Structures are given as C-alpha cells and as structure tokens.
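Topology and contacts: notes
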Amino acid sequence: MDLDTDLILKHLTVLLVDDNYDSSAALYSLLSNRFSEVLLAHTAERALDMLAEESVDMIITDICLPGMDGLKLVEHIRQTHDSIVPVIVVTAHGDHDHLMRAANLQVDGLVIKPLNPRKLNSAMANAVKRLKHTITPVQLHAAVGYHPLHKTLRVDDREISLGSKECRLLDLLVRNRHQLVTKQEIYDSVWPNEDISESALKNLLAELRKKLSYNIIRNRHGAGWVLESRQT
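Read on for a plain summary of the structure. Just so we're clear, the structure is a prediction, and the values are computed from it rather than from any experiment.

1. Re the overall build of the chain
When helices and strands are tallied, the chain shows 9 helices and 11 strands. Relative to the 2.2 N^0.38 estimate, which gives 17 Å for 232 residues, the radius of gyration of the chain is 19 Å and therefore close to what a compact globule would have. For the chain, the spread of C-alpha atoms along the principal axes amounts to about 55 × 40 × 25 Å. Burial analysis of the chain (232 residues in total) assigns 46% to the buried set. For the chain, long-range pairs separated by at least 24 residues make up 60% of all intrachain contacts whose partners lie at least 6 apart in sequence. Counting every atom, the chain has about 11,400 Å² of accessible surface; 49% of that belongs to carbon and sulfur. Of the charged side chains in the chain, 27 are positive and 31 negative, and the gap between their average positions amounts to 6 Å.

Structure (structure tokens):
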C-alpha cells in the first residue's frame, strides 16, 4: 500500500461488520492501526443503525451474518444510502454465486478467508480510489474553503466547526455542486432509515448557510437546492 493511501486511511472511519467475535476482534485490532476510527457491528441490522447515526467512509463486511446477510446489506446501502461509500466484502466461500452478486453490487474488493493482509491492503487501496475525487479540498467561494477528508470548513480565514449532519449535507452538496440536490436525496444521505420532518431539514440547511456566511446554497423552489461555488 502506498504512502498516499496510508495517509488517507488515517483520516477515515471504517465500519466493520462481522458476527464472529474472535475474528472481528483480530480484524478490529488490525484496522485500528490503519484508520482514524473503527466502528464494529455484529449484525447487518446494527450496521444500518450505525450508518444512520455515524459518518462512515468505508465498510468491510462479512457475507455470512445472522438475519440479513452481508450482500443484502450492501444492496440496501447502495439503494438507500450514499452509493459512493466503498465496500469490501469478506467471505469464507469463494463460490460463483457470491462472486457474481458482489460484482453486481460494485464492491471494491472481495477477500477470501483466512484473510491475507496483502490482499486486504490491495482491496483497501482500491476502495480509496473510489473516494479520491470526493476528498480533494474545494474552494466554494473566494473566502470559503472545505476539506472533505478532514471535515474542515474555513470562512474568511477562520476555521468553522461543523456537526456530523452538517458535514453529511455539505459533502452531498459539494459532490453535486452546480447540480440540483432534491429533498429526498438529502433525507437519504443525512438521515437514512429515519422519518424526519421537513422542518428538521430546513433547520439544518439554515444552520449550514449561516456557517458558510456567503449565499452559495440556492433554493430552487419546489425542486431542491444547488451549491453554486464561485471563486470571486
């Protein structure tokens, strides 16, 4: 794994989903040395709850889980969460059906147990490639800069603190800048699996606009919002 990938991983949060307490403990320990934070879920259902509560940059999941299996989890994430989140699938079975299902879900790596650290590193490096275009610092205005990797916002040379939901919303708008972002896309990205009122969405938008200071989030009445980044 190259130095650039290692440096990026040090700023990321990974969600590990594995129902085997012994193997998950060993993998948790390994990942803790590579990532900023490691979240652990022993079921797919708990993983979905954590995705609704936390900002997650990468997911590593076993296929064989109680209840919803790992590939069903990935399918659910691709349908209802931000589809760019990279996913690595771990399995003790290299059968054709699993391989085809994983390929159709556009996973970033499939690693066969027992885990080979070199192959896991290769899968993580491949997963980082999916993220690279979303973690580059962006200038939203002559006086406003945002670093998606570090989750830092600077306005008029001052660093502005952002909450986790504000980061999720700003990340979504930055990835789609100059394009319409609908109300439903915001719900799916910021509050997946939650029933949230429209007033909560409007309050979040108002808070983010206040912190940005400049009028760069434009309302398209009845359609959604557009981040219009300007350099001057």
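There is more to say, and it comes next.
2. Brief notes about unusual backbone geometry
Along the chain, Lys113 connects to Pro114 via a cis peptide bond; the corresponding omega equals -5°. By the element assignment, Pro114 lies in the loop between strand E5 (109–112) and helix H6 (117–132). Even without being a glycine, Lys151 presents a positive backbone phi close to 55°. Turning to its location among the elements, Lys151 is positioned in the loop between strand E7 (144–147) and strand E8 (152–155).

3. Digging into the side chain of Asp108
Its location among the elements puts Asp108 in the loop between helix H5 (96–104) and E5. Of note is the side chain of Asp108, whose polar atom sits 2.9 Å from the side chain of Arg130. Once you skip the residues sitting within four places of it in the chain, Asp108 turns out to touch Arg78, Pro86, Val87, Ala123, Asn126, Ala127 and Arg130.

4. Digging into the packing of helix H3 (residues 44–53) against helix H4 (residues 70–80)
Orientation of H3 relative to H4, taken along the N-to-C sense of each, is 25°, at an axis distance of 10 Å. By the criterion of interaxial angle, the relationship of H3 to H4 is roughly parallel. H4 is crossed by H3, and the crossing has right-handed handedness. Between H3, through Ala44, Ala47, Leu48 and Leu51, and H4, the contact on the second element is made entirely by Leu73, His76 and Ile77. In terms of residue class, the contact of H3 with H4 is built from 6 nonpolar, 1 polar and no charged.

Cut-offs and rules
- Residue numbers here run from 1 along each chain, matching the order of that chain's written sequence.
- This being a predicted model, a pLDDT of at least 70 is required before a residue's local features are given, and a value of 80 or more before pairs of side-chain atoms are given or counted; all residues contribute to the totals for chains, interfaces and linings.
- Excluded from the side-chain calculation are hydrogens and water; included are all heavy atoms of the structure.
- A helix here means a DSSP run of H or I that spans at least four residues, while a strand means a run of E at least two residues long, and both kinds are numbered starting from the N terminus.
- With the radius of gyration taken over C-alpha atoms, the globule rule is written as 2.2 Å times the number of residues to the power 0.38.
- Classification of residues uses two cut-offs on accessible area relative to the type maximum, computed with a 1.4 Å probe and protein chains only: under 20% is buried, over 50% is exposed, and between them is partly exposed.
- Residue contacts are defined here by distance: any two heavy atoms, one from each residue, within 4.5 Å place the two residues in contact.
- Exposure was quantified through the Shrake-Rupley algorithm and a 1.4 Å probe, taking into account, for residues, occlusion by the shown protein chains and nothing else.
- The charge count treats Lys and Arg as positive and Asp and Glu as negative. His and the chain ends do not count.
- Each charge is placed at NZ for Lys, CZ for Arg, CG for Asp and CD for Glu.
- In protein, a polar contact means a hydrogen-donor-capable atom and an acceptor-capable atom, both N or O and within 3.5 Å, with residues adjacent in sequence counting only if both atoms are side-chain atoms; elsewhere, any N or O pair within 3.5 Å suffices.
- Note on geometry: axes are C-alpha line fits, over the in-contact stretch for helices, and angles between N-to-C directions span 0 to 180 degrees.
- Each angle gets one of four labels, with under 35 degrees taken as roughly parallel, over 145 as roughly antiparallel, 65 to 115 as roughly perpendicular, and the rest as oblique.
- Take the far helix as your reference; a near helix turned counterclockwise from it by less than a right angle gives a left-handed crossing, and one turned clockwise gives a right-handed crossing.
- Gly is put with the polar residues, along with every residue not named as nonpolar or charged; the nonpolar set is Ala, Val, Leu, Ile, Met, Phe, Trp, Tyr, Cys and Pro, and the charged set is Asp, Glu, Lys and Arg.

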